[in-house]
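In case you want the letters, here they are:
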Amino acid sequence: MKREKLIAFRGKRTQQAMAKAYGVTQQAWCQWETGAKTPTVLTMKRIEQESGIPMEEIFSDVFDNLKLSGEIA
């Protein structure tokens, strides 16, 4: 599942540029965009602050799964 809001936040910047800004590899950023992996909570909060989009929206797949499992209300 692609994380369209994360891709939109990146805009015209490359995955490599975003990865460098967040201190990860380009492969890690790519995995975040494709939904294969999820960044740390601190990184999700930083992305939320810099994008202006709630992390629950950007990473909705993660939060939806937590709700289904009963880990969050």
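Refer to the preceding data block for the structure.
Attention in this report is confined to the structure presented alongside it.

What counts, and where the lines are drawn
Residues numbered from 1 in each chain as written. Predicted model: local features only at pLDDT ≥ 70, side-chain atom pairs only at ≥ 80, totals over all residues. Heavy atoms only, no water. Helix = DSSP H or I, 4+ residues; strand = E, 2+ residues; numbered from the N terminus. Buried < 20%, exposed > 50% of the residue type's maximum accessible area, 1.4 Å probe, protein only. Contact = heavy atoms within 4.5 Å. Arc of directions from axis to C-beta. Axes fitted to C-alpha atoms, helices over the stretch in contact; angles between N-to-C directions. Parallel < 35°, antiparallel > 145°, perpendicular 65-115°, else oblique. Nonpolar A, V, L, I, M, F, W, Y, C, P; charged D, E, K, R; others polar.

### Quick notes on the side chain of Gln15
In step 1: With respect to the helices and strands, the residue Gln15 is situated in helix H2 (residues 15–22).
In step 2: For Gln15, a relative accessible area of 17% puts it in the buried group.
In step 3: Not counting residues within four places of it along the chain, the set of residues in contact with Gln15 comprises Arg10, Gln26, Trp29, Cys30 and Glu33.

### Section: helix H4 (residues 41–51)
In step 1: Listing the buried residues of H4 in full gives Thr43, Met44, Ile47 and Ser51. All buried residues of H4 fall inside an arc of 100 degrees around its axis, so they share one side. Residues of H4 that are exposed and point more than 90 degrees away from the buried face comprise Val41, Leu42 and Gln49.
In step 2: After H4 finishes, the residue Gly52 shows a positive phi value of roughly 80 degrees.

### Some remarks on H2
In step 1: The complete set of buried residues in H2 reads Gln15, Met18, Ala19 and Tyr22. Angular distribution of buried residues about the axis of H2 spans 100 degrees; they occupy a single face of the element.
In step 2: Positive phi shows up at Gly23, right after H2, with a value of about 70 degrees.

### Some words on the packing of H2 against helix H3 (residues 26–34)
In step 1: At a closest axis distance of 8 Å, the pairing of H2 and H3 adopts a crossing angle of 105 degrees. Our classification of the angle between H2 and H3 gives roughly perpendicular. Contact residues: H2 offers Gln15, Gln16, Met18, Ala19 and Tyr22, while H3 offers Gln26, Trp29, Cys30 and Glu33.
In step 2: In terms of residue class, the contact of H2 with H3 is made up of five nonpolar, three polar and one charged.

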